[in-house]
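Topology and contacts: notes
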Amino acid sequence: MPAASSRCCLAIVITAVALLSFVAPSALATATADDAVAALNAFRAAHGLPAAITHHPLMDEGCARHLDYLALNGVLTHEEWPNLPGASDLGRTAGGTAVLTNEPDVTSVDQWLRAPYHLAQVLDPKLSMTGYASGPGGSCLVTLPESWRSGNEAATDIAAILDARPVADGTYVFPPEGDVDVPNTIDVCSESPTSPAVDVGLDCATSPPPIYVWTYRNDERVDVTSVTLTGPSGDVEVRPAAYGSHSKLFMPMQPLQDKARYRATATNADGTTRTWTFAVARPKLPVAGLRVRQLTEPRLKAFVGRRSGLDVQIGGVVPQNVGELDVTARSADGEVVVGAPYVVPTFAPRAHLPIRRAGRWTICATVGEHEDSLYKRSTACADFVVGLDFVGPKISKFEASSSAGGRVWFRWTATDARAGDRLKCGWHPGRQGAWRSCGTFWTGQGRRSVTGLRTARVVAFRLTDARGNSRTKIVRPWRRLPGVRYQ
């Protein structure tokens, strides 16, 4: 790769595998140049940087051609060799003046935050024109439009546009004044062939956030000679790092403290200074695989009148942080029940929901709802039918016996039903016919006989409470032997 110069490319790329580890969900499925420029301007405006960038169709075409070259040859490089398929003068110009990744549809600036040398070009206040394309070869964003002033069919037009857009005099910084969400460390190992952390002797996996400073006078760049940084524990050592003249930034030599405010001062070669403050916020962790699952252990099932409610298991968070969870249930008609999370040793967190009636419920677990949460906000929901599998009378003791003439006696003891409730008795003769009533009883023990059954016939016995919850017992075939018990 060629060395970076004042009017040449920054020979840095991001590998696809590494980039995929931090690509934000906001990446668009089918990205266009309009998408990329809109996202770039929105990010810059939110951080106090000039935000009137437009894209030029010739630069868009150059990026597209360079991506074709990359895809045809299976490479990721800023160069184009004339003897390889897809090589073109326009593609070569774009490749040498752009930041590249072989991940397609990269439009969000968030996705360059872990590539600081790239980001220094993407956020450069002087950047007023760009080109963008996405395709099988990856994504391409022009960041050095000055190199397009000659050597192409639109050079005169491009030069006129650039001349009409001088950058305002001043010292521009990132993180900006008043930023309160600066991470204390970032992983910059995805940047290649080097990263500022590596260049100053730090671990790329736990790099402090770089400090970016650009100073312009009369549309010309003024060198920034030093940056000082002071935090709650005093001065922090800061060293410059640069990859060519277009990517100079400053690296704190130690991680920044969580929830701490820092004061930075940049000194320029012309003697001017800029002082500003920013605050560090502990980065919130993403929640992977958050889910709500029904517990199947019988001892945790709930029965009306005894242990009213439903227990669910929450996956995707660790038990120590069960306090992060908010668990709620909503019925089909809008009733809301708030759950109580608890920890079972060696298991994922669980929550008990005091649901007291049958029906369809949607249960949701939310992490990161609170300001001091360790996690980014994430919600998972699941639907449960609370009814036959969870509430209703239980047939704790049951026997059936037969006697001459096809008479069958059912004897049972019912538990886990609401005190004073009435239970309906039903029976089913087997292969044919419908459920038939065998009477209504108060909760407790009962005995009833039915007649007209043939031998070796399967019979079903059912108890139903006043809310429609029921339990069924299957009576296996028997011989006509009086007094035989079937459990």
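Computed from a prediction, not measured in an experiment: that's the story for all the values here.

**Looking at the overall build of the chain**
Tallying secondary structure elements over the chain gives 7 helices and 31 strands in all. Across the 487 residues of the chain, 49% fall into the buried class. In the chain, the proportion of contacts linking residues at least 24 apart, taken out of those at least 6 apart, comes to 65%. Of the accessible surface of the chain, which amounts to about 22,900 Å², a share of 52% is contributed by carbon and sulfur atoms.

**Topic: the state of the cysteines**
Applying the stated criterion across every chain, the model contains 3 disulfides. Here C63 connects covalently by a disulfide to C140, the sulfurs 2.1 Å from one another. Measuring the twist about the S-S bond at about -60°, one finds the C63-C140 disulfide to be left-handed. With C63 in helix α3 (residues 57-73) and C140 in strand β6 (residues 138-142), this residue pair connects regions lying 77 residues apart in the sequence.

**As for the packing of aromatic side chains**
For the structure on display, the rule yields 5 aromatic pairs. Ring centres of Y117 and Y243 lie 5.8 Å apart, and the angle between their planes is 45°; this geometry places the pair in the tilted category. With a gap of 126 residues between them, Y117 in helix α5 (residues 116-122) and Y243 in the loop between β13 (238-242) and β14 (248-252) connect regions that are remote in the sequence. Exposure remark for Y117: the relative accessible area of 0% places this residue in the buried category. When the ring of Y262 is compared with that of F278, the centres are 6.1 Å apart and the planes differ by 20°; the resulting orientation is stacked. Of the two residues, Y262 sits in strand β15 (residues 261-268) while F278 sits in strand β16 (residues 273-279), which places them 16 residues apart along the sequence. Since its relative accessible area comes to 3%, Y262 is described here as buried.

**Some details on the pairing of strand β3 (residues 98-101)**
Because side chains alternate across β3, one face comprises the buried residues A98 and L100, and the other comprises V99 and T101, equally buried. Pairing geometry for β3 and β6, over 4 bridges, is antiparallel. Paired with A98 across the two strands is V142, which belongs to β6.

**Considering the confidence of the model for the chain**
The predicted structure's coordinates, where accompanied by low pLDDT, should not be read in detail. With 71% of its residues at a pLDDT of at least 70, the chain reaches an overall mean of 77. The least confident element of the chain is helix α1 (residues 16-20), whose mean pLDDT is 25; the most confident is strand β4 (residues 129-130), at 97. Under a pLDDT of 50 for its full length, residues 477-487 has, in the predicted model, 34 contacts with residues more than four places off or in other chains.

**Some details on the sheet that holds strand β11 (residues 224-231)**
Taken in spatial order, the 4 strands line up as β12-β11-β15-β16 in an open sheet, and their pairing is antiparallel. Looking at which strands have only one partner, the edges of the open sheet turn out to be β12 (234-236) and β16. Taking each pair of neighbouring strands and ignoring which way they run, the sheet shows an average axis angle of 25°. Here 3 bridges tie β11 to β12, and the two strands are oriented antiparallel to one another. Paired with T230 across the two strands is D235, which belongs to β12.

**Regarding the nonpolar core**
Grouped together as the largest cluster of nonpolar side chains are 35 residues, with contacts concentrated most on L119, V122, L123 and W214. Counting residues per element, the ones that place at least two in this core are α2 (33-46), α5, β7 (170-174), β9 (212-217) and β14. Not counting chain neighbours up to four residues away, the residues in contact with W214 comprise L49, A120, L123, D124, P125, G170, T171, Y172, V173, F174 and R221. Residues I314, V327, A365 and F384 belong to the second largest nonpolar core, which totals 20 residues.

**Observations regarding the side chain of D60**
With respect to the helices and strands, the residue D60 is situated in helix α3. Buried charge without a partner: D60 forms no salt bridge, and the closest opposite charge is R165, 12 Å away. In terms of polar contacts, D60 uses its side chain to reach the side chain of H55, at 2.6 Å.

Calculation rules
- Residues numbered from 1 in each chain as written.
- Predicted model: local features only at pLDDT ≥ 70, side-chain atom pairs only at ≥ 80, totals over all residues.
- Heavy atoms only, no water.
- Helix = DSSP H or I, 4+ residues; strand = E, 2+ residues; numbered from the N terminus.
- Buried < 20%, exposed > 50% of the residue type's maximum accessible area, 1.4 Å probe, protein only.
- Contact = heavy atoms within 4.5 Å.
- Areas by Shrake-Rupley, 256 points an atom, 1.4 Å probe, with all protein chains shown as cover.
- Disulfide = S-S within 2.5 Å.
- Phe/Tyr/Trp six-rings, centres within 6.5 Å; stacked < 30°, edge-to-face > 60°.
- Pairing = 2+ DSSP bridges.
- pLDDT = per-residue confidence, 0-100.
- Axes fitted to C-alpha atoms, helices over the stretch in contact; angles between N-to-C directions.
- Core = buried A, V, L, I, M, F, W, Y, C linked by side-chain atoms within 4.5 Å.
- Lys, Arg positive; Asp, Glu negative; His and termini not counted.
- Salt bridge = Lys/Arg side-chain N within 4 Å of Asp/Glu carboxyl O.
- Polar contact = N/O pair within 3.5 Å; in protein donor to acceptor, adjacent residues only side chain to side chain.

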